[in-house]
Amino acid sequence: MAQQDYYELLGVAKGANDEELKKAYRKKAVQFHPDKNPGNKEAEEMFKKVSEAYEVLKDPQKRAAYDRYGHAAFQQGGAAGPRGGGGGGFHDPFDIFRDVFGGGGGGGGGGGIFEEMFGGGGGRGGDRDGADLRYDLEITLEEAAQGIEKEITFRKAVTCERCHGNGAEPGSKKVTCPTCKGHGQVRRSGGIITFTQTCPTCGGAGQKIEKPCNACRGEGRTAKTTKLNVRIPAGVETGSRLRSSGNGEAGLAGGQAGDLYIVINVREHELFERHGNDLFCEIPIKFTLATLGGSIEVPTLTGKASLKIPAGTQSGTTFRLKAKGMPSLRGGAAGDQLLRVHVEVPQSLSSEQRKILEEFARVSGDADEPMAKSFFDKAKKFF
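Cut-off values and rules
- Residues numbered from 1 in each chain as written.
- Predicted model: local features only at pLDDT ≥ 70, side-chain atom pairs only at ≥ 80, totals over all residues.
- Heavy atoms only, no water.
- Helix = DSSP H or I, 4+ residues; strand = E, 2+ residues; numbered from the N terminus.
- Expected span 1.5 Å × (residues − 1).
- Buried < 20%, exposed > 50% of the residue type's maximum accessible area, 1.4 Å probe, protein only.
- Arc of directions from axis to C-beta.
- Polar contact = N/O pair within 3.5 Å; in protein donor to acceptor, adjacent residues only side chain to side chain.
- Core = buried A, V, L, I, M, F, W, Y, C linked by side-chain atoms within 4.5 Å.
- Contact = heavy atoms within 4.5 Å.
- 1 Å grid on protein atoms, 1.4 Å probe; cavity = no way out; pocket = protein on both sides within 12 Å on 5 of 7 lines; lining within 4 Å.
- Points joined across faces, edges and corners; volume = space filled by probe spheres on them.
- Nonpolar A, V, L, I, M, F, W, Y, C, P; charged D, E, K, R; others polar.
- Disulfide = S-S within 2.5 Å.
- Pairing = 2+ DSSP bridges.
- Salt bridge = Lys/Arg side-chain N within 4 Å of Asp/Glu carboxyl O.

## Structural notes on helix H2 (residues 18-32)
Okay, so step 1: In a regular helix each residue adds 1.5 Å, so 15 residues correspond to 21 Å; H2 covers 21 Å between its end C-alpha atoms and thus fits that length.
Okay, so step 2: All of the buried residues along H2 are Leu21, Ala24, Tyr25, Ala29 and Phe32. Considered in projection along H2, the buried side chains sweep an arc of 130° and stay on one side of the axis. In this structure, H2 carries Glu19, Lys23 and Lys27 as exposed residues pointing more than 90 degrees from its buried face.
Okay, so step 3: The N-terminus of H2 is capped by asparagine 17, whose side-chain oxygen sits 3.2 Å from the backbone nitrogen of glutamate 19.

Structure follows, in structure tokens:
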């Protein structure tokens, strides 16, 4: 199948300048980055393709060869390209991504967009940052309203205590990699172009472990159950993510540890329903209270509150208790508590109660006009 044009992959014109190329690559790389598309093989493949396209087009010599000969310029035994073509070749697409987004080389985190978006830059020379972890934590609505400290337990990869992370058995040492001779990269010929890639033997470290650690088998990490106290701030809701920096998996060969993301799930409450920072609940009241009026005590998340019911309150009327809802996660005003009253009609009456109500119906004229007059005036044409 024919390879897609590099300019089309990046979405730029053939005469695009360096800044336009870089801007286009940034957009595509963020769109298809594996961290943004976990488990999506198509996105991962597109990420590699756009990285390959940018690797060629950002280099003046490779771009000139591509413009003249197309993909054949980089194929083994392909069409003849310009003489004296420079080396450099294709690199790991993540290395290209870090170059563009400021993820840092030489083992240090360079900050920039890469670190801001994905939690740290990838190192070079064999060091690899540890993976981020996710922990799903369920809490009650009361805990979400007050804030709480929770102890969580999870397993993660930690630095091996026996070899202190270097992967070598104590007393053993690291030796120069025989494949790359300590350079961390190997070169291969691709016709007229020389390609450079990470050494497959040492993974770019330039060194090999003489005798792997017995505890971690040379990885430099072991699995361990970890306990951690995390502070859940007041106002969190289902889907809130809390980041615990450095509490993810340990890095390899000096790489930084990943982060731990605590994802909150607030359990459904038996009385209250949350809408943003407001709380909603239904309160059943007797029809005598709705008719005569009075005061009742109603529940809130912080205790009891008094609610005045005016005489003649209709079923479905909603009352508001200011600032009795959820606190704002970002420090703003607290929400309100909304209470909708539902007037209960008795399903059975004693003889005395029935006699009194029948007298009330007679005195008020309800027996002759059982429907509200306002409704009857609108509906009488149907009778």
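## Some points on the nonpolar core
Okay, so step 1: Formed by 35 residues in total, the largest nonpolar core has its most connected members in Ile139, Ile152, Ile232, Ile262, Ile264 and Ile285.
Okay, so step 2: Leaving out residues up to four positions away in the same chain, isoleucine 152 has contacts with Tyr135, Leu137, Thr226, Lys227, Leu228, Val230, Leu260 and Ile262.
Okay, so step 3: Within the second largest apolar cluster, 19 residues are counted, among which are Leu10, Ala24, Ala29 and Leu57.

## Some details on unusual backbone geometry
Okay, so step 1: Positive phi, close to 60°, is recorded for arginine 217, a residue that is not glycine.
Okay, so step 2: A positive phi angle, close to 60°, is found at alanine 323, a residue other than glycine.
Okay, so step 3: Residue placement: alanine 323 occurs in the loop between strand E14 (318-321) and strand E15 (337-344).

## Regarding the environment of tyrosine 54
Okay, so step 1: Looking at the element boundaries, tyrosine 54 is found in helix H3 (residues 41-57).
Okay, so step 2: Exposure remark for tyrosine 54: the relative accessible area of 7% places this residue in the buried category.
Okay, so step 3: With 44 residues separating them in the primary sequence, tyrosine 54 and leucine 10 have C-alpha atoms 7.6 Å apart.

## Some points on the layout of surface pockets
Okay, so step 1: One number sums up the size of the second largest pocket: a volume of about 470 Å³.
Okay, so step 2: What lines the second largest pocket is a set of 15 residues, and nearest its centre among them are Phe287, Thr288, Thr291, Leu357 and Phe360.
Okay, so step 3: For the lining of the second largest pocket, the elements supplying multiple residues, two or more each, are helix H8 (287-292) and helix H9 (351-364).
Okay, so step 4: Of the residues that constitute the lining of the second largest pocket, the class distribution is eight nonpolar, six polar and one charged.

## Here we look at the state of the cysteines
Okay, so step 1: Summed over all chains, the structure comprises zero disulfides.
Okay, so step 2: The structure places no disulfide on cysteine 163, whose sulfur is separated from the nearest cysteine sulfur, that of cysteine 216, by 3.7 Å.
Okay, so step 3: Taking relative accessible area as the criterion, cysteine 163 reaches 3% and is therefore assigned buried.

## As for the pairing of strand E9 (residues 260-266)
Okay, so step 1: Counting buried positions along E9 yields six of seven residues, so the element is predominantly enclosed.
Okay, so step 2: Here strand E1 (residues 133-139) runs beside E9; their pairing, made up of seven bridges, is parallel. The partner of glutamate 138 across the bridge, within E9, is asparagine 265.
Okay, so step 3: Across four bridges, the pairing between strand E8 (residues 241-244) and E9 is antiparallel. Paired with arginine 241 across the bridge in E9 is valine 263.

## Comments concerning the pattern of salt bridges
Okay, so step 1: Using the criterion set out here, one finds 18 salt bridges in the structure.
Okay, so step 2: A salt bridge links glutamate 169 to arginine 162; the nearest nitrogen and oxygen atoms lie 2.4 Å apart.
Okay, so step 3: Since its relative accessible area comes to 7%, glutamate 169 is described here as buried.
Okay, so step 4: One salt bridge connects arginine 221 with glutamate 249, and the closest N-O pair in it is separated by 4.0 Å. Of this pair, arginine 221 sits in strand E7 (residues 221-232) while glutamate 249 is found in the loop between E8 and E9, placing the two residues 28 residues apart along the sequence.
Okay, so step 5: Given a relative accessible area of 14%, arginine 221 falls into the buried group.
Okay, so step 6: A single network of salt bridges, built from pairs that share partners, joins Glu55, Lys58 and Lys62.

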